[in-house]
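What follows is the residue order along each chain.
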Amino acid sequence: MSHVKLILITLILFLSYNTYAQEIKLNGRVVDAAQKPIFFANLVLLNQKDSVFVKGTSTDEDGTYSFNSLKPGNYIIKASFIGYTSYSQAITLEQDTEFTEIILHEKAQELEGVVVSGDRPILEKTAGKLVFHVANTSLSALSSYEILQQTPGVLTIGNSISIKNSKTTVYINNRRVYLDDAELKSFLESYSGSNISDIEIILNPSAKYDADGGYILNIHTKKAVSVGYKGSVEGTYKQGVFSKYELGTDHYYKNNFLDIYAGYTLNQHKWYKEDQGYIQFFDDQQLDDYWTWDLYKTTKYTSHHINTVFDFTLDDKNYLSVSTNLNLYPNRAMANDVKTKTYTSAKEETGRNNAIGDVENENTNIALNATYTREINAQNSLSLQANYVYYHDAAAQLLTTTYFDANGDFEDENILETDADQSNSIFTAQGDYSVNLQNEGMLEFGAKYATIDSESEMLYVGQFTPDNAMDDHFNYQEDNLAIYANYSKDWEKWSLQTGLRGESTSTTGISQAQGEINGQDYLEVFPNFALQRQLGKNHKLGVYYKRGINRPRYQSLNPYRYYVNEYNFISGNPNLTRAIENRVGIDYTFKGSFIFDVYYQHIKGDLNGFSFQDNQNKFLYNAYFNAEQFYQYSFDFIHYRYLTKNWFVSLYSSTYYYFIEFEAIESSNAVESLDTFGFFGKLNNWYTLSKDRSWTATVNFELLTGFYFGNYYLNNRFRTSIGVRKTILKGRGEFNLNLSDLFNSMNVPVKIDYLNQYNGYTARPETRILSLSFKYNFGNFNLKDNQRELDLKEQERLHEEKQL
């Protein structure tokens, strides 16, 4: 417990530090010539004497802004927004001030012969990140997961979300989501995209972020500014193979002391999936049996999502936020029908079997957060945060397999029954302290402690138990202490961001069947560095380096097995250990919107999902394993611009060489390597179709060629998605119509082909989905809201990706 004492002492020292100088506020509003508020305008305060930067902020949806914890004195306030003339004014502050309304005037800009008038870009690059502005586009009618699928640079395969072919962590309002791939996908599919304002793609996270975060997707929802009440109701109908329904309501109230948000979403979904697969078994180097199968699967569930946020303004310097998030899946049911045919090596049929599987699942996820923030003075701030997550998942599976001979006559029947249960409790506490050194830069440092207790059980309760399977109870304990320091500074032509994070980790895993396994104690240090140089008005060159860690998710460690049929299952692997990542690159930006990035990434012990066929016992299994190594060389290009006044386009492309080396455990433990050249590209188009901007549309394209996920190879996947948005009733009503995967071209074959491993399948889940939604806003609907989803880091690791 010395770790906990160290954190408590550190936090007490933070709290004991204070400065009692007089501090004041500056509030105001930015509008255009028609008195319409300008959202996301940039404002900065400079010292009037030497023009040194003091503070910066941006406006909210109603055009308002606020500077807090200012000292009396003489300043220069500057306001700017793309497509508008800039504003600058000298001011003297002696007390809390409501500044005169700032009016920005639209300017015309020539872009290669096209006259463009000012509008906020849909995509833009800021320091170290891409920002994708989602609000007020047709995408806002989609689920959060569907929006991520259309976010530039984001790749989704199966249940996984990745950026630059690498692990990606999802944050919501700067707090990490603690769910595994499958549960995260399910959660984001149920979380309405109408709540999203922006999505940040953080390409080089600082030491403040957890070392095992990889790239960061930070989803921003809206924040309250104006006093009053507003609410909304929303309904969505989706049609694929089956119909799906979503209903939601959000409510917001704010006064000068309390800011409240409460939201509820109900989802009734039914999904359909088909698989066609094959496997060629071997007897040493000779061909053996050949099997084919057809899988028909339906998944049906009702889910409830409840989120509340209470923000308290205790005084001008002290703020408290308490958030709760409850996700319930009380009756998720999966039904599988797998028809298998068996053949000799000469393709003569020898028999067939039919496996009927039913899984009944209940899932509960509760997340609580309390955050205290103190603005000590104009240069120093303190944040203390505590999180608690409780996760419970229970699944009962009944699998009946009937065997027939080649003539279709009955031979035998097996009934497999399993009960599985997993409970996880996660507690984290962290403190962050920032010091604005003014013209000497910004210093941040802090500490975080996390403890995780996971218990899982797998019981075979029927008369039949497959070979190499047994009852097991697995208990996993992990404790992690992290401390970090981060420094950043901007000069006239140079900018620097560098940091160091240390993490001490202790893990213990105890299996009833295998005894104590996976006990680890280690200390790792993670530096990061980014340096940029302005080479002129239109040129910027940068270099960066980052070291990180990937830890196994809790679900991937437990003994649970999901059986597709008796010969095809997904399981956990309690022997997983950490993977260490190093990434280095050079980036170049031309005129702010032509972005080039060349980088190298290497991961020792890469955690990846692999499928192996056991040729002797004739079955196929999938689990996570530590690869020997993974590396890639990549050249990425991003460009965005207005082609016309009403047409904004963005292009993302990545050309890469991908290499993975792993132990082929069903091929005499040989070390096998797989590699490929590949390309991933997205072309996104946003259109304004009417003068009053009440009609907007999107047309997006995606192409993926040459890609390995685990040891499966995928090639030539293409997707086209379109959407239309119409606002009515002076903005109170909003219709959205979207069609994803227009040509139904997302589902392509994948295969394994090396040594004595030869199998593959074509998965055909519902990807061409037509969705229609309507949202109605009532009350003072121009309020910005404080809605945000509660999340935690370790919660993301609760489960493992399931290829169902």
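Residues numbered from 1 in each chain as written. Predicted model: local features only at pLDDT ≥ 70, side-chain atom pairs only at ≥ 80, totals over all residues. Heavy atoms only, no water.

(A) Representation of the overall build of the chain. A count of helices and strands for the chain gives four helices and 48 strands. By residue count, 57% of the 804 residues in the chain fall in the buried class. Across the chain, every contact between residues at least 6 apart in sequence was considered, and the portion connecting residues at least 24 apart equals 68%. Summing over all exposed atoms, the chain offers an accessible surface of approximately 32900 Å²; the carbon and sulfur share of this is 55%. (Helix = DSSP H or I, 4+ residues; strand = E, 2+ residues; numbered from the N terminus. Buried < 20%, exposed > 50% of the residue type's maximum accessible area, 1.4 Å probe, protein only. Contact = heavy atoms within 4.5 Å. Areas by Shrake-Rupley, 256 points an atom, 1.4 Å probe, with all protein chains shown as cover.)

(B) Structural view of the sheet that holds strand β37 (residues 619-626). Taken in spatial order, the four strands line up as β32-β33-β37-β36 in an open sheet, and their pairing is mixed. Looking at which strands have only one partner, the edges of the open sheet turn out to be β32 (561-565) and β36 (607-614). Here the strands of the sheet are splayed against their neighbours by 20 degrees on average, with no regard to which way each runs. (Pairing = 2+ DSSP bridges. Axes fitted to C-alpha atoms, helices over the stretch in contact; angles between N-to-C directions.)

(C) Structural view of the sheet that holds strand β6 (residues 87-93). On the basis of which strands lie adjacent, the open sheet formed by four strands has the order β3-β2-β5-β6 and antiparallel pairing. Across the chains shown, the open sheet's two edge strands, defined by having one partner strand only, are β3 (53-58) and β6. If you compare each strand with its neighbour and ignore which way they point, the axes differ by 20 degrees on average. Alignment of strand β2 (residues 42-47) against β3, held across five bridges, turns out to be antiparallel. Paired with L46 across the strands is F53, a residue of β3.

(D) Structural detail: the side chain of D250. Locating D250 in the fold gives a position in strand β20 (residues 243-254). Buried charge without a salt bridge: D250, with K775 as the nearest opposite-charge side chain at an N-O distance of 5.2 Å. Of note is the side chain of D250, whose polar atom sits 2.6 Å from the side chain of Y261. (Lys, Arg positive; Asp, Glu negative; His and termini not counted. Salt bridge = Lys/Arg side-chain N within 4 Å of Asp/Glu carboxyl O. Polar contact = N/O pair within 3.5 Å; in protein donor to acceptor, adjacent residues only side chain to side chain.)

(E) Molecular detail of empty space enclosed by the protein. Applying the stated rule across the entire model yields twelve cavities of 30 Å³ or more. As for the second largest cavity, its lining consists of 35 residues, of which S160, K167, L607, N608 and Y624 are closest to the centre. Those elements that provide at least two residues to the lining of the second largest cavity are β13 (154-157), β14 (160-163), β15 (166-172), α3 (181-190), β35 (594-604), β36, β37 and β42 (707-709). At four residues, β15 tops the list of elements feeding residues into the lining of the second largest cavity. (1 Å grid on protein atoms, 1.4 Å probe; cavity = no way out; pocket = protein on both sides within 12 Å on 5 of 7 lines; lining within 4 Å. Points joined across faces, edges and corners; volume = space filled by probe spheres on them.)

(F) Main features of the pairing of strand β26 (residues 410-436). Summarising the sheet, strand β25 (residues 380-405) and β26 pair through 25 bridges and their orientation is antiparallel. Across the sheet, N380 pairs through a bridge with V435, a residue of β26. Where β25 folds back onto β26 in an antiparallel hairpin, the turn is made up of four residues, including G408, whose phi is positive at roughly 90 degrees. Note: β26 against strand β27 (residues 442-460), 19 bridges, orientation antiparallel. Paired with V435 across the bridge in β27 is L443. The hairpin turn running from β26 into β27, its antiparallel successor, is five residues long, and Q438 in that turn takes a positive phi close to 55 degrees.

(G) Focus on a nonpolar patch on the surface. A cluster of nonpolar side chains, L689, W695, V724, F735, L737, L770 and L772, forms an exposed patch at the surface whose accessible area comes to about 600 Å². In this fold, W695 is placed in strand β41 (residues 695-705). Look at W695 and you get partly exposed, because its relative accessible area is 39%. (Patch = residues over 30% accessible without salt bridge, like charges linked within 9 Å, V, L, I, M, F, W, Y side chains within 5 Å.)

(H) Representation of the pairing of strand β38 (residues 629-644) within the structure. Direction of pairing for β35 relative to β38: antiparallel, over a ladder of eleven bridges. The residue of β38 that forms the bridge with F594 is H639.

(I) Representation of the packing of aromatic side chains within the structure. With the rule as written, the count across this model stands at 47 aromatic pairs. Geometrically, the ring pair formed by Y652 and F680 is edge-to-face, given 6.0 Å between the ring centres and 65 degrees between the ring planes. With a gap of 28 residues between them, Y652 in strand β39 (residues 647-664) and F680 in strand β40 (residues 670-688) connect regions that are remote in the sequence. Through successive ring pairs, a cluster of aromatic residues spans Y563, F569, F610, F612, F619, Y621, F625, F662 and Y754. Directly above the aromatic system of Y290 lies the positively charged group of K347, at a separation of 4.4 Å from the ring centroid. In this structure, R583 is placed above the aromatic ring of Y215, and the distance from its NZ or CZ to the ring centre is 4.1 Å. (Phe/Tyr/Trp six-rings, centres within 6.5 Å; stacked < 30°, edge-to-face > 60°. Lys NZ or Arg CZ within 6 Å of the ring centre and 35° of its normal.)

(J) Quick look at a negative patch on the surface. The grouping of E417, D419, D421, E457 and D471 at the surface amounts to a negative patch. Sort the elements by how many residues they give to the negative patch and β26 lands first, with three residues. Within the secondary structure, D419 is located in strand β26. (Charge placed at Lys NZ, Arg CZ, Asp CG, Glu CD.)

(K) Layout of the pattern of salt bridges. Counted under the stated rule, the structure contains 20 salt bridges. The partner of D210 in a salt bridge is R501, with the nearest N and O atoms 3.2 Å apart. Of this pair, D210 sits in the loop between β17 (196-202) and β18 (215-221) while R501 sits in strand β29 (residues 494-511), and the two are 291 residues apart along the sequence. Residue class for D210 comes out buried when judged on its relative accessible area of 9%.

(L) Representation of unusual backbone geometry. Within the chain, N669 stands out as a residue other than glycine whose phi angle is a positive 60 degrees. Among the structural elements, N669 can be located in the loop between β39 and β40. Of the residues examined, N669 reaches a relative accessible area of 44% and is grouped as partly exposed. Its identity is not glycine, yet K730 carries a phi of approximately 55 degrees, on the positive side. Judged by its relative accessible area of 84%, K730 falls in the exposed class.

(M) Quick peek at the side chain of R583. Relative to the elements of secondary structure, R583 occurs in strand β34 (residues 579-590). The class of R583 is buried, set by a relative accessible area of 1%. Reaching out from R583, the side chain makes a polar contact with the side chain of Y215 at a distance of 3.2 Å. Separated by 2.6 Å, the side chains of R583 and E581 make a polar contact. Excluding residues within four positions of it along the chain, R583 makes contact with L203, P205, Y215, Y544, Y545, K546, Y600 and Q601.

(N) Focus on the confidence of the model for the chain. When pLDDT is averaged across the chain, the result is 85; 89% of the residues are at 70 or more. Of all the helices and strands in the chain, strand β10 (residues 114-117) carries the lowest mean pLDDT, 35, while strand β46 (residues 750-754) carries the highest, 96. Within the model, pLDDT remains below 50 along residues 108-119, and this stretch shows 29 contacts once partners closer than five positions in the same chain are excluded. A low-confidence stretch, residues 788-804 stays under pLDDT 50, and its non-local contacts, those more than four residues away or across chains, total 130 contacts. (pLDDT = per-residue confidence, 0-100.)

(O) Quick look at the nonpolar core. F132, I199 and L217 are the most contacted members of the largest nonpolar core, which totals 92 residues. If you tally residues by element for this core, the top one is β39, at seven residues. Not counting the four nearest positions on each side in its chain, L217 is found in contact with L148, V154, I161, I163, T168, T169, V170, Y171, I199, E200 and I201. Judged by nonpolar contacts, the second largest core, of 21 residues, contains Y65, L70, Y84 and L104. (Core = buried A, V, L, I, M, F, W, Y, C linked by side-chain atoms within 4.5 Å.)

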